[in-house]
Amino acid sequence: MSERPDLPIALVIGGGGMGMSTARRLGQSHRIVLASLSADKNPAREAVLREDGIDATVTQCDITDPKSVAELATFVAGQGTLRTLAHVAALSPSVGDWRTLLTVNLIGATHIERMGLELATQSTAAIFVSSLAAHRSDRPTDEIIDVLNDPLAPDFFDRLESLIPEKQPVQAYRLSKFAINRMCRRRATEWGAKRARIVSMSPGLIASPMGAREFSGQSGDLKLELLRNTPLGREGTMIETADAIEFLASDRASFISGTDLLVDGGTLSAVRGG
Ligand SMILES: NC(=O)c1ccc[n+]([C@@H]2O[C@H](COP(=O)([O-])OP(=O)(O)OC[C@H]3O[C@@H](n4cnc5c(N)ncnc54)[C@H](OP(=O)(O)O)[C@@H]3O)[C@@H](O)[C@H]2O)c1
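Residues numbered from 1 in each chain as written. Predicted model: local features only at pLDDT ≥ 70, side-chain atom pairs only at ≥ 80, totals over all residues. Heavy atoms only, no water.

S.K.: Quick question: what am I supposed to make of the overall build of the chain here?
M.R.: Along the chain, the regular secondary structure elements total 13 helices and seven strands. Radius of gyration (C-alpha) of the chain: 18 Å, near the 19 Å computed for a compact globule of 274 residues. Viewed in the frame of its principal axes, the chain has a C-alpha envelope of about 50 × 45 × 40 Å. Classification of the 274 residues of the chain by burial places 50% in the buried group. Long-range pairs, those at least 24 residues apart, make up 75% of the contacts in the chain with a sequence separation of at least 6. (Helix = DSSP H or I, 4+ residues; strand = E, 2+ residues; numbered from the N terminus. Rg over C-alpha atoms; globule rule 2.2 N^0.38 Å. Buried < 20%, exposed > 50% of the residue type's maximum accessible area, 1.4 Å probe, protein only. Contact = heavy atoms within 4.5 Å.)

S.K.: Whenever I open this one, the environment of R186 confuses me. Can you help?
M.R.: Its location among the elements puts R186 in helix α8 (residues 169-186). Given the relative accessible area of 45%, R186 is considered partly exposed. When the C-alpha atoms of R186 and I198 are compared, they prove to be 9.7 Å apart, with twelve residues separating the residues in sequence.

S.K.: When you look at the packing of aromatic side chains in this model, what are you seeing that I'm missing?
M.R.: The way to describe two aromatic rings as a pair is by their centre distance and the angle between their planes. Counted according to the given criterion, the structure contains one aromatic pair. The interplanar angle of 65° and the centroid separation of 5.1 Å between the aromatic rings of F156 and F157 together place this pair among those described as edge-to-face. (Phe/Tyr/Trp six-rings, centres within 6.5 Å; stacked < 30°, edge-to-face > 60°.)

S.K.: Just checking my understanding: could you explain the packing of helix α4 (residues 98-119) against α8 for this structure?
M.R.: What describes two packed helices is the angle between their axes and the distance between those same axes. Interaxial distance between α4 and α8 falls to 7 Å at its minimum, and their mutual angle equals 15°. Taken together, α4 and α8 sit at an angle that is classed as roughly parallel. Viewed along their axes, α4 and α8 form a crossing whose handedness is right-handed. Two secondary-structure elements touch here, α4 through W98, L101, L102, N105, L106, A109, T110 and E113 and α8 through P169, Q171, A172, Y173, L175, S176, A179, I180 and M183. Tallied by class, the residues present in the contact of α4 with α8 amount to twelve nonpolar, four polar and one charged. (Axes fitted to C-alpha atoms, helices over the stretch in contact; angles between N-to-C directions. Parallel < 35°, antiparallel > 145°, perpendicular 65-115°, else oblique. Left-handed = near helix turned anticlockwise from the far one by under 90°. Nonpolar A, V, L, I, M, F, W, Y, C, P; charged D, E, K, R; others polar.)

S.K.: What exactly am I supposed to notice about helix α7 (residues 156-163) here?
M.R.: One turn of the α-helix equals 3.6 residues, which is why residues spaced by three or four share an orientation. Taken together, the buried positions of α7 are F156, F157, L160 and E161. All buried residues of α7 fall inside an arc of 110° around its axis, so they share one side. In α7, the exposed positions that point more than 90 degrees away from the buried face belong to D158 and S162. The inward-facing, buried residues of α7 contact α4 and α6 (142-148). (Arc of directions from axis to C-beta.)

S.K.: Please explain helix α2 (residues 42-51) as it appears in this structure.
M.R.: The set of residues buried in α2 consists of N42, R45 and L49. Angularly, the buried residues of α2 cover 60° about the axis, an arc narrow enough to put them on a single face. Those residues of α2 that are exposed and angled more than 90 degrees off the buried face are P43 and E51. Elements in contact with the buried residues of α2: α1 (17-26), β2 (31-36) and β3 (56-60). Directly after α2, the chain includes G53, whose backbone phi takes a positive value near 85°.

Rendered as structure tokens:
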């Protein structure tokens, strides 16, 4: 009953809290292909989306594995025209070490960006979910940025670790998100050559399973301080981030590319003091 061959494809990467809310929202105007790591969770994800009347297929993909990403690209190409790519998957600092975080959050996102560009046609929009964390850290040195510019280089970790010996997960998270925002700015010209767009969207504190995990983890006090400083006085919701992604994917955002949309209830402006 939910088959919608008339609709273009939205590929959503990541079946967690925000990934599912994004799929629900984009599913109003797209056929959904949702790709996520845990094959055992995917049938239930497909079932709930279909119960909502969404034409959804949920498939397994490990974004850190180029072969798995290539298989996903073949699958999506066989489904129809890619109108929207929403890359949502990432690990938070409390669930991974330095290398794992950079591998999933940055190397994985880069594989998806390369794949998305291959599938993109005129009017395709790619949205990469980043984080307020990308904006909060001090700007890395030019040497570090030079390494972050090419996360698929074989000596990526050797070079990065020679510049950053501390290797803390929080630092890996911030660097990965800084690099994703930068990737979206730097790659806009390649996407533009296809008349396609690429943007990042940086959520602040969001009430989600990931957000709750971080409140009870090592950075809990820091998060509480940020919440106290948030002008809107609350966390955002996954509906609000899905709304932002839907807007960025839509024709109403047709001249927006190579930039970031901060969705943080004003937190950054408040902590920076203007
Ligand atoms: N929640 C917040 O407060 C907050 C704030 C700022 C930014 N963000 C950003 O928002 C995004 C999503 O957050 P969320 O709340 O949806 O997180 P989440 O519920 O933890 O979901 C993350 C998803 O990433 C998927 N994933 C992990 N490794 C993967 C891999 N190697 N290949 C494919 N998929 C993989 C997981 O897949 P499986 O479940 O299939 O294993 C999981 O579904 C992230 O980019 C995060 O950094 C969140």
